[in-house]
Structure formats: C-alpha cells, structure tokens
Amino acid sequence: MIKKVLVTLLISSQVFAITNITELIRPYLTDLIGSEFTERLIGKSEQKKVNKVELPPIPEITQNTKSVDVFKEKFIEKNKVRKEDKQGYDYNFVRELILSTRNIKADDVEVRRWMNPLEQGGSREGVYRAMVLDSYYANLENYNQPLSKSALDYAQKFFKRFVGKKVKPSQFQGMNIYTVKRIATENCLDILDVYLQTNQYENFLSWYSIFSGEIATDFSVWESKMRSNTNIGKHKKWASSVPTEFVKSEVILKIHKIFNNLQQRN
C-alpha cells in the first residue's frame, strides 16, 4: 500500500514538473516560432483552454451604427478619477500611445501636443483617432512594407474572433502593419462604443476581459502584471472599477503592441 502511494506521488510530481517546464518555456517558444507552432509542439496551455469562452454578440458596424439616432439612452459613466490624478494617468497614456502607434519614443513637444485636448476635456479615444488620422501616421501607412507572415496569419484570426468578420489574406494586400492595426483598433472601438450606447455595459466588460485574457495567454510582451494576467475574471474586475475611457485606451495600446510584435517576426 505504501509502495503504491509512493509511486503515485512520484509520478504526480514528475508530471507536475513536466507541466511546469512546458509552461516556463512556452513564452520563449512563442517569441521564437509563434503561438501556432508552439501549440503544435507542446500543446495548448491549460489556462488557454479555460479562457476560451464565448464572446458576447458582436454588433454589426455600419455607416449609421454610430448615429445618435440609434442610441435609446446615453451611457452614464459611474467610475470617476480624481482630477489631481487624471493628469498623471493621461500623461503616461500619451507617452505609451505615441510609442505603440508610431514605434518611436515620444518627445516633450509631441506629448504636450496630445495632452492639450485631454486637459480641455477631450477623450483618450478622440486623441487616438486624431493621431492615426494626422499626416505623420498617413506617411507611415504609405511605407511599402508588406505584412509579416505572423502578422497576416494573426490578423485573420483576430478579425474573426474579436470583430466578427471573416477576412481573406487577399483583403490585406497593399496594406502595411500601420494600416492593419489602425483598422483593427477602430473596429474594436466601434464595437465597444455600441455596447455602451445601447445599454450593454455587461457585454462591454465581457468583450474586454475575454480579449485581454486571451492575448495575455497568446503573447508574452507585457511589462505590467495586470496586462500579463491570463485570468479573465481579474480583467473584468479591473474594467468594472475604472472609467470606460481607461478600458478603451487599454484596447488601443494592446492591439498596437501585439501587431508591432508580430511584424517583427518572420
């Protein structure tokens, strides 16, 4: 009897050790050969299997979707940030936004330029949309640099999963990474806006938390503990405790960061 217990414990510890090793090397393999080949080699992570849950219904975005006529009631923001804290949060957001969208470090002049509208009551989403429509970003989109295979493959999965659109590789022809990540981000922001303006706050939280949990599992590029957390519930708890503007700004930064990373791969 004692022998059986010892053998069981030994086998269990070996399996546990193997599982730990595979999960330890998973991020490095993902960076080296991509998530798809990593899963073929060592299988899907247990966390990823748990996290693969259904997204809420994704609204169809049309030209008239964002018209105020379709909104029965205006969303009322419940979570507030103290005025004395907001400037610091906005400053960090602008610096990170410039880096993630343009792939360059922000200088003081550019930071001040984009801080001005925020200090005058503008939204982070508005700043982002203005930034990717300015002449600087337009020039980036004109670079003749094709998408990497990793970026192209993931873009198809991303649009199907998070935007509800089935796209073919040919639809990305002539686009570079700057165009793709802008379109992906704008589509996701539109979806989140519709959730908020049609009294679907719970769907807003669910979409964000599933999105954040899954990309935390798929990509090992996150510096902060919260962004690297694969637990969907924790992302939902965080999103429900901050202004919706902060949630949308996280979506912006995360999409640009993962596509920047994918473009650097083969």
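Residues numbered from 1 in each chain as written. Predicted model: local features only at pLDDT ≥ 70, side-chain atom pairs only at ≥ 80, totals over all residues. Heavy atoms only, no water.

Bringing the overall build of the protein chain into the picture now. Looking only at helices and strands, the protein chain has twelve helices and zero strands in total. When the elements of the protein chain are put in sequence order from the N terminus, they spell out α-α-α-α-α-α-α-α-α-α-α-α. The 266 residues of the protein chain split such that 45% are buried. Taking the contacts inside the protein chain whose residues are at least 6 apart along the sequence as the reference set, 74% of them involve residues at least 24 apart. Taken as a whole, the protein chain presents about 15400 Å² of accessible surface, with 55% of it coming from carbon and sulfur. (Helix = DSSP H or I, 4+ residues; strand = E, 2+ residues; numbered from the N terminus. Buried < 20%, exposed > 50% of the residue type's maximum accessible area, 1.4 Å probe, protein only. Contact = heavy atoms within 4.5 Å. Areas by Shrake-Rupley, 256 points an atom, 1.4 Å probe, with all protein chains shown as cover.)

What follows is about the pattern of salt bridges. Per the stated rule, a full pass over the model turns up 23 salt bridges. With a shortest N-O distance of 3.1 Å, Asp 90 and Arg 124 are connected by a salt bridge. Of the two residues, Asp 90 is situated in helix α4 (residues 83–102) and Arg 124 in helix α6 (residues 124–131); the sequence distance between them amounts to 34 residues. One salt bridge connects Glu 125 with Lys 248, and the closest N-O pair in it is separated by 2.7 Å. A residue pair is termed long-range when its members are at least 10 positions apart, and Glu 125 in helix α6 and Lys 248 in helix α12 (residues 244–263) qualify at 123 residues. The exposure class assigned to Glu 125 is buried, which follows from its relative accessible area of 10%. Connected through shared salt-bridge partners, Glu 125, Arg 129, Asp 190, Asp 193 and Lys 248 make up one network. (Salt bridge = Lys/Arg side-chain N within 4 Å of Asp/Glu carboxyl O.)

Attention now goes to a nonpolar patch on the surface. Together, Leu 32, Ile 33 and Leu 41 make up an exposed nonpolar region whose accessible area comes to about 320 Å². Here Leu 32 is to be found in helix α1 (residues 2–33). Residue class for Leu 32 comes out exposed when judged on its relative accessible area of 68%. (Patch = residues over 30% accessible without salt bridge, like charges linked within 9 Å, V, L, I, M, F, W, Y side chains within 5 Å.)

Right, let's get into the environment of Asp 90. A relative accessible area of 3% means that Asp 90 is categorised as buried. Sequence separation between Asp 90 and Met 115 is 25 residues; the distance between their C-alpha atoms is 7.3 Å. Discounting residues that sit within four places of it in the chain, Asp 90 has contacts with Met 115, Leu 118 and Arg 124.

Our next topic: the packing of helix α8 (residues 149–163) against helix α10 (residues 201–218). Interaxial distance between α8 and α10 falls to 12 Å at its minimum, and their mutual angle equals 155 degrees. In terms of orientation, α8 lies roughly antiparallel with respect to α10. Relative to α10, the crossing made by α8 is right-handed. Judged by residue contacts, Tyr 154, Phe 158, Arg 161 and Phe 162 of α8 engage Trp 207, Ile 210, Phe 211, Glu 214 and Ile 215 from α10. Residue classes in the contact of α8 with α10 are distributed as seven nonpolar, no polar and two charged. (Axes fitted to C-alpha atoms, helices over the stretch in contact; angles between N-to-C directions. Parallel < 35°, antiparallel > 145°, perpendicular 65-115°, else oblique. Left-handed = near helix turned anticlockwise from the far one by under 90°. Nonpolar A, V, L, I, M, F, W, Y, C, P; charged D, E, K, R; others polar.)

Here the focus is helix α11 (residues 232–239). Residues Ile 232, His 235 and Ala 239 constitute the buried set of α11. Seen along its axis, α11 keeps its buried residues to an arc of 65 degrees; they face one direction. Put simply, Asn 231 is the residue that caps the front of α11, since its side-chain oxygen is 2.8 Å from the backbone nitrogen of Gly 233. (Arc of directions from axis to C-beta. Polar contact = N/O pair within 3.5 Å; in protein donor to acceptor, adjacent residues only side chain to side chain.)

On to unusual backbone geometry, then. Not every positive phi belongs to a glycine, and Asn 103 is a case in point at roughly 65 degrees. In this structure, Asn 103 sits in the loop between α4 and α5 (108–119). Even without glycine at this site, Asn 199 takes up a positive phi of about 60 degrees. Its place among the elements puts Asn 199 in the loop between α9 (177–197) and α10.

Position of Arg 102 relative to the elements: it lies in helix α4. Residue Arg 102 is classed as buried on the basis of its relative accessible area, which comes to 4%. Looking at Arg 102, its side chain comes within polar contact range of the side chain of Asp 134, at 2.9 Å. Residues contacting Arg 102, with those up to four places away along its chain left out, are Glu 110, Arg 113, Trp 114, Met 131, Asp 134, Tyr 136, Leu 140 and Tyr 178.

What follows concerns the environment of Val 167. With respect to the secondary-structure elements, Val 167 resides in the loop between α8 and α9. You can call Val 167 buried: its relative accessible area is 17%. Separated by ten residues in sequence, Val 167 and Lys 157 place their C-alpha atoms 8.7 Å apart.

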